[in-house]
Amino acid sequence: RALAAAAGSLARVLGLRIEVLEIGVSGAARVLASPRPADDGETRAAVQLVEVPEAALFRMDQPGSIDRIDHWFTQGLDRARLRDRLAELAIAPWSDLDGDGALLRAAALRAALERLLMATDAELGSACVDLVVGAGGAWSAIPGPAATHVVADVVRRPGTVQVAIDHARLLGPLGTIEDDAERDAVVADLAADLLLPVGTIVMPRGLRPNRPAGQLLLETAGGRSEIDLVAGGLTLVDLPPGARGTAELAFRGTPELGPRGRHFRVAVSGGLAGLLLDLRDIPLRLPERPDRRRELLGTWERALWPEHDA
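Report on the accompanying structure. Note that the structure is a prediction, hence the values are computed from the model and not measured. (Residues numbered from 1 in each chain as written. Predicted model: local features only at pLDDT ≥ 70, side-chain atom pairs only at ≥ 80, totals over all residues. Heavy atoms only, no water.)

Observations concerning the overall build of the protein chain
Thinking step 1. Helices and strands together make up the secondary structure of the protein chain, namely 9 helices and 12 strands.
Thinking step 2. With respect to the three principal axes, the spread of C-alpha positions in the protein chain is 60 × 45 × 35 Å.
Thinking step 3. Taking all 310 residues of the protein chain together, 51% fall into the buried category.
Thinking step 4. The contacts in the protein chain between residues at least 6 apart in sequence include a share of 70% that link residues at least 24 apart.
Thinking step 5. Carbon and sulfur atoms provide 49% of the accessible area of the protein chain, an area that totals close to 14200 Å².
Thinking step 6. Charge centroids of the protein chain, computed over 35 positive and 43 negative side chains, lie 7 Å from each other. (Helix = DSSP H or I, 4+ residues; strand = E, 2+ residues; numbered from the N terminus. Buried < 20%, exposed > 50% of the residue type's maximum accessible area, 1.4 Å probe, protein only. Contact = heavy atoms within 4.5 Å. Areas by Shrake-Rupley, 256 points an atom, 1.4 Å probe, with all protein chains shown as cover. Lys, Arg positive; Asp, Glu negative; His and termini not counted. Charge placed at Lys NZ, Arg CZ, Asp CG, Glu CD.)

Focus on the nonpolar core
Thinking step 1. Core analysis: the biggest nonpolar cluster contains 56 residues, and Ile23 and Trp139 have the highest contact counts within it.
Thinking step 2. A per-element tally of this core places helix 4 (residues 101-124) first, with 13 residues.
Thinking step 3. With residues up to four places along the chain from it excluded, the contact list for isoleucine 23 reads Ala28, Ala55, Leu57, Leu109, Ala112, Leu113, Leu116, Ala135, Gly136, Gly137, Ala138 and Trp139.
Thinking step 4. Core analysis: the next-biggest nonpolar cluster, separate from the first, contains 20 residues, Val20, Val133, Ala164 and Leu171 among them. (Core = buried A, V, L, I, M, F, W, Y, C linked by side-chain atoms within 4.5 Å.)

Focus on empty space enclosed by the protein
Thinking step 1. Scanning all chains against the criterion turns up 1 cavity of 30 Å³ or more.
Thinking step 2. Listed by contribution, the elements that provide at least two residues to the lining of the largest cavity are strand 5 (159-165) and strand 6 (196-203).
Thinking step 3. Residues of the lining of the largest cavity, tallied by class, amount to 8 nonpolar, 1 polar and 1 charged. (1 Å grid on protein atoms, 1.4 Å probe; cavity = no way out; pocket = protein on both sides within 12 Å on 5 of 7 lines; lining within 4 Å. Points joined across faces, edges and corners; volume = space filled by probe spheres on them. Nonpolar A, V, L, I, M, F, W, Y, C, P; charged D, E, K, R; others polar.)

Looking at the pairing of strand 7 (residues 212-220)
Thinking step 1. In this structure, strand 7 lies alongside strand 8 (residues 223-230), joined through 8 bridges in antiparallel fashion. Residue pairing across strands places glutamine 215 opposite aspartate 228, the latter belonging to strand 8.
Thinking step 2. Joining the antiparallel neighbours strand 7 and strand 8 is a turn of 2 residues.
Thinking step 3. Here 7 bridges tie strand 7 to strand 10 (residues 244-251), and the two strands are oriented antiparallel to one another. Across the sheet, the residue bridging to leucine 217 is glutamate 248, located in strand 10. (Pairing = 2+ DSSP bridges.)

Details of the environment of alanine 45
Thinking step 1. Mapped onto the elements of the fold, alanine 45 is located in strand 3 (residues 43-51).
Thinking step 2. Relative accessible area serves as the criterion here: at 22%, alanine 45 is assigned to the partly exposed category.
Thinking step 3. Alanine 45 sits 40 residues away from alanine 5 along the chain, and the two C-alpha atoms are 9.5 Å apart.
Thinking step 4. Residues within four places of alanine 45 in sequence aside, it is in contact with Gly8, Ala11, Arg12, Ser34, Pro35 and Arg36.

Focus: the packing of aromatic side chains
Thinking step 1. The final tally for this structure, using the stated rule, is 1 aromatic pair.
Thinking step 2. Seen from their ring centres, phenylalanine 251 and phenylalanine 264 are 6.1 Å apart, and the 70 degrees between their planes marks the pair as edge-to-face. Taken together, the positions of phenylalanine 251 in strand 10 and phenylalanine 264 in strand 11 (residues 263-269) put the pair 13 residues apart, joining distant regions of the chain.
Thinking step 3. Above the plane of the ring of tryptophan 300 lies arginine 280, whose end atom (NZ or CZ) is 4.4 Å from the centre. (Phe/Tyr/Trp six-rings, centres within 6.5 Å; stacked < 30°, edge-to-face > 60°. Lys NZ or Arg CZ within 6 Å of the ring centre and 35° of its normal.)

Notes on the sheet that holds strand 9 (residues 234-237)
Thinking step 1. Across the sheet, which stays open at both edges, the 8 strands sit in the order 3-2-1-4-5-6-12-9 with mixed pairing between neighbours. The two strands at the open ends of the sheet, each matched to only one other strand, are strand 3 and strand 9. On average, each strand axis in the sheet is inclined to that of its neighbour by 20 degrees, with strand direction left out of account.
Thinking step 2. As defined by bridge partners, strand 9 adjoins strand 12 (residues 275-278) across 4 bridges and the pair is classed as antiparallel. Its bridge partner being in strand 12, valine 237 is matched across the sheet by leucine 275.
Thinking step 3. Packed on one face of the sheet, helix 4 meets strand 1 (18-23), strand 2 (28-37) and strand 3 and runs near 130 degrees to strand 1. (Axes fitted to C-alpha atoms, helices over the stretch in contact; angles between N-to-C directions.)

Observations regarding helix 3 (residues 79-91)
Thinking step 1. Compared with the 18 Å implied by 1.5 Å per residue over 13 residues, the 19 Å span of helix 3 between its first and last C-alpha is a close match.
Thinking step 2. Within helix 3, burial applies to Leu82, Arg85, Leu86 and Leu89. One face of helix 3 carries all of its buried residues, which in axial projection span an arc of 100 degrees.
Thinking step 3. Its buried side turned inward, helix 3 meets helix 2 (65-72) and helix 4. (Expected span 1.5 Å × (residues − 1). Arc of directions from axis to C-beta.)

Examining the layout of surface pockets
Thinking step 1. Within this model, the largest pocket holds a volume of roughly 400 Å³.
Thinking step 2. What lines the largest pocket is a set of 17 residues, among which Gln162, Ala191, Leu195, Pro197 and Arg244 lie closest to the centre.
Thinking step 3. Only helix 1 (2-14), strand 5, helix 8 (180-194) and strand 6 provide two or more residues apiece to the lining of the largest pocket.
Thinking step 4. It is strand 5 that contributes the most residues to the lining of the largest pocket, 3 residues altogether.

Spelled out as structure tokens, the structure:
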């Protein structure tokens, strides 16, 4: 409930549609908050909260839960060893960040996020929002750029979305402030430091894989840059935290990016991962053979994991 209250304050203060994806060791929750103008001139927020205990980070007692973690894991362990490693992480969830520890935790996060969305889409829907916030220790235990990759892999929605992390774990405590006006004032004061911006994802749907898709023109205070787009993969564009700009996308086809069209002009903001152009299929289609799937996931992973030496 405190998380829902804090999300409502964020929506009112920032004027954005907010989605909070909270993944913890003992449970998970998804919050949607949208600003709504009121008759008295004030801004209200419509807030929806759904808790899903089955989407806890290392929940392995459901059929196929280990298989889904293995589906996202790039290192390749036999089933018995994978179960043991997950059990070890469940005992000390925020330790063992070296080697494959963080990579395995990110695979478990993807699987947990899948369960959370599957359990809540019927009630909350799957429309694109303005800002996705990762909350809970699972997000803080992986590199910031990797959090953008996790969201892009699992939250497959055509549109443009900013991604941030509740890195200081303050949303819950702020939500305990009972008075909305007082809480909004505190959130407004902390707005610049409350969330860690990790990037913006631009994700069109309907491109033909492995073919030239069009061109991006990015305009920022620092200048202009042009990038040729090829469908089927990820393209990273440097856009540091705090930087803002406008991306003009000219496609050869008519993909969906909210509406359908050939030309789009969207506002983007920077982060640790910069601007991520995700031109892969929606939904994401991965090879069935484990070795080919791990190779492909590893290629994307290395681009967004500064600590990953594999």
